[in-house]
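Secondary and tertiary structure notes
The chain contents come next:
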Amino acid sequence: MGLVPECFITEIVERDLKEGKYPKLLTRFPPEPNGYLHIGHARSIVLNFGLAQDYGGECNLRFDDTNPETEKEEYARAIEEDVRWLGFTPSRVLYASDYFETMYQCALALIQEGKAYVDDLPEEEMSALRAEGKPSPYRERSVEENLELFERMRRGEFPTGSRVLRAKIDPAHPNFKLRDPVLYRIVHAPHYHAGDRWVVYPMYDFAHPLEDFIEGVTHSLCTLEFENNRAVYDWVIENLKGKCGLLTSPRPHQYEFARLDLSHTVLSKRKLIKLVEGGYVWGWDDPRLPTLRALRRRGVRPEAIVEFVRKTGISRNEAQIAMDLFEEVVRDDLNPIAPRVLGVVDPLKVVLTNYEGEEWLQAPYWPRDIPKEGSRPLPFSPELYIERTDFSLHPPKGWKRLAPGQRVRLRHAYVVELEDVVEEGGEVKLLKARIVPGTLGANPEDGVRPKGVIHWVSARHALPVEFRLYGRLFRTPDPEEGGDFLKNLNPEALLVKRGFLEPSVAKDPEDTRYQLERLGYFWRDPVDSRPEALVMNRIVPLKEGYRA
């Protein structure tokens, strides 16, 4: 099986190649550099680059940069970095803005053929006429007048937004997109890539098909919201093929697929901007966000994101995907590569009353179901930290952790039983316990077996850590539930805890992912963590109920 799962698009590609419609497959990933990529974009990235990989073709990374007011070099560089981080190498890195002169000549050709006109009508008035299927009063301008006005638009003689160039199609067309759509508008703003050379800029519906045609794209893959735009795409190509240096054939064709929609988060650029600029998150790489750089900082591997796209498939059916599935894929990716170590997120000290000195136990990194070898020395001493939630003074029925009169085994070590509880102000501050003799790697000789197994670290040797426990950004699967997505923000999407790790992690490479037994998968935060002040991000929790 190829990188892209079998779907209606692979059927189209295979048919077209088999019939010789195109000599070679050429796709493109065409983001606008006006923000950072998120996991929704991953579907398009995997689809376009994956098809090229599967069918011996090529895939370009093309910046669809036709809006100078919102686009930045910073975003372009970040997009390319994210694409390469996912494991894909563009055949070429291209810019729509490099084609502005060709596009301008194409617009002139349409004007000369009476298929485009300059419109002075204010946007609101024209929108009202289009809604009624009525033409602009400027629709019947002569070719000569339109050419003169369009040249003056290019020279910058008119203010921003004062005039547009429209396609002359049908003001009453059943497809609203074909009701004399705008091809060019005036924007007096410098362009991050093209500089100050232009004050007229092509609209997406005009630029997109021309970019594809210029590059020789065979299959132009878009999400479903562009389905109605396909009529404009086809109109532009059919009216310009063989002109302005464009070929007559073969021509590109647009196909649409359902975008990726994930529960408990937002993938709208407008909403993401509101979260960042409103200070609800730290920035675009805040691990609570669904941006690729946020997932990267959180510790999600690119292999997991690609597999998630493959697992959810490509179709034309819009459906929200449960966050549970994404977390399951991330766990499956980390499980065979993350060594098991011990850490305590919310520590409670335990003093062993019948143990002195210290010893170093040999603890395996891997469970029996993972065919890997490796172990590390694990220090054991009279003072330990356990998880506060692993003790109950008044345990509920079925409690399998530490409690008065109930034994537990310390992972890789001894069985212990409680002797005393030290409280202060109604809060448990310290536990005193004793080791059951002869229980290192063996059951108690008296036959009273422990109820469960808990994790721990030696207080004397433990590394202090700031644990950042990341959860779901929103409390509800649909953040829009109730009308205001900001009201559904999850206040527990980030919990910061001060705890401890076993000392073995100090010698590991900084990008090591771990499974902290019974807690989840973690790695060092690549921005804030330092050897002398460790910060560990929880990448994903273990499956619900695992700890019990």
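In this report, we go over the structure that sits alongside the text. (Residues numbered from 1 in each chain as written. Predicted model: local features only at pLDDT ≥ 70, side-chain atom pairs only at ≥ 80, totals over all residues. Heavy atoms only, no water.)

1. Some points on the packing of aromatic side chains
For the record, the criterion: Ring pairs shown here join Phe, Tyr and Trp side chains whose ring centres sit within 6.5 Å, with only the six-membered ring taken for Trp; geometry is labelled stacked below 30 degrees between planes, edge-to-face above 60, and tilted in between. Runs of E in the DSSP output that reach at least two residues are strands. Runs of H or I that reach at least four are helices, and both are numbered from the N terminus. Remark: exposure states derive from per-residue accessible area (1.4 Å probe, protein chains only) relative to the maximum for the residue type, with buried under 20%, exposed over 50%, and partly exposed in between. Charges are assigned to positions over rings by a cutoff of 6 Å between ring centre and Lys NZ or Arg CZ, combined with an angular limit of 35 degrees from the ring normal.
Inspection of every chain in the model, using the stated rule, returns 19 aromatic pairs. Plain terms: the ring middles of phenylalanine 49 and phenylalanine 88 are 5.4 Å apart, the flat faces sit at 25° to each other, and that makes the pair stacked. On the criterion of sequence distance, the pair formed by phenylalanine 49 in helix 2 (residues 39–54) and phenylalanine 88 in the loop between helix 3 (73–85) and strand 3 (93–95) is long-range, its members being 39 residues apart. Residue phenylalanine 49 is classed as buried on the basis of its relative accessible area, which comes to 5%. Ring geometry for phenylalanine 100 versus tyrosine 201: centroids 5.7 Å apart, planes at 80°, classification edge-to-face. One end of the pair, phenylalanine 100, is in helix 4 (residues 100–112); the other, tyrosine 201, is in strand 7 (residues 200–202), and 101 residues separate them in sequence. For the residue pair phenylalanine 100 and tyrosine 201, the accessibility class agrees, reading buried in each case. Three or more aromatic residues joined by ring pairs make a cluster, and in this case those are Phe100, Tyr104, Phe150, Tyr184, Trp198, Tyr201 and Phe206. One cation-aromatic arrangement involves arginine 163 over phenylalanine 158; the distance from NZ or CZ to the ring centre is 4.0 Å.

2. As for the pairing of strand 5 (residues 164–167)
To be explicit about the condition: Pairing between strands requires that DSSP locate at least two bridges from one strand to the other.
The side-chain alternation of strand 5 yields two buried faces, one formed by Val164 and Arg166 and the other by Leu165 and Ala167. Both strand 4 (residues 116–119) and strand 5 contribute to a ladder of four bridges, which runs antiparallel. Across the sheet, residue valine 118 finds its bridge partner in strand 5, namely leucine 165.

3. Observations concerning the packing of helix 4 against helix 6 (residues 143–155)
Stated precisely, the cut-off is as follows: An axis is simply a line fitted to the C-alpha atoms; with a helix, the fit covers only the stretch in contact. Between two such axes, the angle follows the N-to-C directions and lies from 0 to 180 degrees. Roughly parallel covers angles under 35 degrees, roughly antiparallel covers those over 145, roughly perpendicular covers 65 to 115, and oblique covers all other angles. Left-handed describes a crossing whose near helix is turned anticlockwise from the far helix through less than a right angle; right-handed describes the clockwise counterpart. Contacts are assigned to residue pairs with any non-hydrogen atoms lying within 4.5 Å of each other. Under the grouping applied here, Gly and all other residues not named as nonpolar or charged are polar, the nonpolar ones being Ala, Val, Leu, Ile, Met, Phe, Trp, Tyr, Cys and Pro and the charged ones Asp, Glu, Lys and Arg.
Taken N-terminus to C-terminus, the directions of helix 4 and helix 6 make an angle of 160°; their axes are 9 Å apart at the nearest point. As the angle between them shows, helix 4 and helix 6 are arranged roughly antiparallel. Here the hand of the crossing between helix 4 and helix 6 comes out right-handed. Packed against helix 4, whose contacting residues are Glu101, Tyr104, Ala107, Leu108, Ile111 and Gln112, the element helix 6 presents Val143, Asn146, Leu147, Phe150, Glu151 and Arg154 at the interface. Tallied by class, residues from the contact of helix 4 with helix 6 come to seven nonpolar, two polar and three charged.

4. Focus: the sheet that holds strand 2 (residues 58–63)
The three strands lie next to each other as 1-2-3, forming an open sheet whose pairing is parallel. The two strands at the open ends of the sheet, each matched to only one other strand, are strand 1 (26–29) and strand 3. Neighbouring strand axes in the sheet, compared pairwise and without regard to direction, differ in orientation by 35° on average. In the packing of helix 3 onto the sheet, the strands contacted are strand 1, strand 2 and strand 3, and the crossing angle to strand 2 comes to about 155°. Each of strand 1, strand 2 and strand 3 is contacted by helix 7 (residues 204–215), which is oriented at about 140° to strand 2, the strand it contacts most.

5. Notes on the layout of surface pockets
Applied cut-off: Residues are called lining when one of their atoms sits within 4 Å of a cavity or pocket point, these points coming from a 1 Å grid over the protein atoms alone, where a cavity is a set in which a 1.4 Å probe fits but cannot get out and a pocket is an open set with protein on both sides within 12 Å along at least five of seven lines. Grid points are joined across faces, edges and corners, and a volume is the space filled by probe spheres set on the points.
In this structure, the largest pocket spans a volume of roughly 1400 Å³. Along the wall of the largest pocket there are 48 residues; nearest its centre are His41, Thr223, Glu225, Phe226 and Arg259. Secondary-structure elements contributing two or more residues to the lining of the largest pocket are strand 1, helix 2, strand 6 (182–186), helix 7, strand 8 (219–223) and helix 9 (269–277). Counting residues per element, the lining of the largest pocket draws most heavily on helix 2, at four residues. Here the residues of the lining of the largest pocket sort into 18 nonpolar, 14 polar and 16 charged.

Limitation: the analysis is restricted to geometry and does not speak to function.
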